[in-house]
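Read off the chains here:
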Amino acid sequence: MSIRIIVAGPRGRMGSTAIEMIKNEPNFQLVACLDRKNNGKRLKDISDIHPLDVPIFDHPDECFKTVQADIFLDLTIPEVGYRHAKSALQHHIRTVIGTSGLTNDQINDLTKLARNHRVGCIIAPNFAIGAVLMMQFAKFAAQYFPNVEIIEKHHDQKVDAPSGTALKTVDMIRETREKMQQGHPDEYETVSGARGGNIDGIPIHSVRLPGLVAHQQVIFGGNGQTLTISHDSLNRHSFMDGMKLAIHHVMSLRELIYGLENILEPIEHNQNKKRAH
């Protein structure tokens, strides 16, 4: 049986790559798109790359009432993605959000909504499996290297800074690292912002340049040594394996999960399952 998917953001580079992935997956079916500019058109009318006879809506409520779907996949911007996700959950449509920059209040609101409606939802600040592992490794390293800074680099069309991946990395590091102030106690900036943003004493530096896709370094410092954990997405295909994983996993959920790391299974667990069969 096919998993019927609605995609928001089909004109974006991530949305276009996601549609390509859906086309190539035998058990996925694209059934509609949400796009603020092309209401009433078909995807084939606006895309030479994806000449699919799929309806486009500009209003989520109309889309979710009109089209039968199993999954709503949002790849837009934070405020729009939040409104879309609220509507999808209220219409009992499982939701996967690849939108970076949602606030804690918005995440909490969607968590309550998913729980009340018993509908699965996954928010993934980063779909790249390597990036998720980078965050997991950083969480572990912070137990032994509490002095840490983050440098995240993205393309110059990204609107939020720092990235959702950087913020999620900080959240995970804070689970194993006590709040502390790093550096010289009398440190000051001769140029405002030179030391980046700061959460619980962890500086975060954001770079935005054309030519970049998505990159992050988590740099730890200790006595006579440094440890750098880094990840680079060289193109948007790097996000597709994690996106497929989220789509399959959300089908069995009745609550919200924040972060792809919460649905990755350890290798030994997978091996045990194989032995059991």
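That block above? That's the structure.
Residues numbered from 1 in each chain as written. Predicted model: local features only at pLDDT ≥ 70, side-chain atom pairs only at ≥ 80, totals over all residues. Heavy atoms only, no water.

**Considerations on the nonpolar core**
Within soluble globular proteins, side chains that are nonpolar generally end up buried alongside one another.
Part 1 of the argument: Ranked by internal contacts, the top residues of the largest apolar core, which has 53 residues, are Ile5, Phe220, Met243 and Ile247.
Part 2 of the argument: The biggest single contributor to this core is helix α6 (residues 129-141), with 6 residues.
Part 3 of the argument: Aside from chain neighbours lying at most four places away, what touches Phe220 is Ala138, Ala141, Ala142, Phe145, Asn147, Val148, Ile173, Gln225, Thr226, Leu227 and Ile229. (Core = buried A, V, L, I, M, F, W, Y, C linked by side-chain atoms within 4.5 Å. Buried < 20%, exposed > 50% of the residue type's maximum accessible area, 1.4 Å probe, protein only. Helix = DSSP H or I, 4+ residues; strand = E, 2+ residues; numbered from the N terminus. Contact = heavy atoms within 4.5 Å.)

**Some words on helix α5 (residues 104-117)**
Part 1 of the argument: Helix length check: α5 (14 residues) gives 20 Å between terminal C-alpha atoms against 20 Å at 1.5 Å per residue, within 8%.
Part 2 of the argument: In this fold, the buried residues of α5 make contact with α4 (78-90), β5 (94-97), β6 (121-123) and β12 (256-258). (Expected span 1.5 Å × (residues − 1).)

**A few points about the side chain of His231**
Part 1 of the argument: By secondary structure assignment, the location of His231 is in strand β11 (residues 225-233).
Part 2 of the argument: In this structure the side chain of His231 is engaged in a polar contact, spanning 3.5 Å, whose partner is the backbone nitrogen of Ala131.
Part 3 of the argument: Dropping the residues within four chain positions of it, His231 is found in contact with Ala128, Gly130, Ala131, Met134, Ala214, His215 and Gln216. (Polar contact = N/O pair within 3.5 Å; in protein donor to acceptor, adjacent residues only side chain to side chain.)

**What to know about the pairing of strand β2 (residues 28-34)**
Part 1 of the argument: Within β2, 6 of the 7 residues are buried, which leaves the element mostly enclosed by the surrounding structure.
Part 2 of the argument: Sheet topology places strand β1 (residues 3-8) next to β2; 6 bridges connect them, and they run parallel. Across the sheet, residue Arg4 finds its bridge partner in β2, namely Gln29.
Part 3 of the argument: After leaving β1, the chain enters helix α1 (residues 13-24) and then returns to the sheet as β2, a path that is right-handed.
Part 4 of the argument: Judged from the 2 bridges that link them, β2 and strand β3 (residues 56-57) form a sheet pairing that is parallel. Paired with Cys33 across the two strands is Ile56, which belongs to β3. (Pairing = 2+ DSSP bridges. Right-handed = clockwise from strand over helix to strand, strands pointing away.)

Bear in mind that shape data such as this cannot, by itself, settle questions of function.
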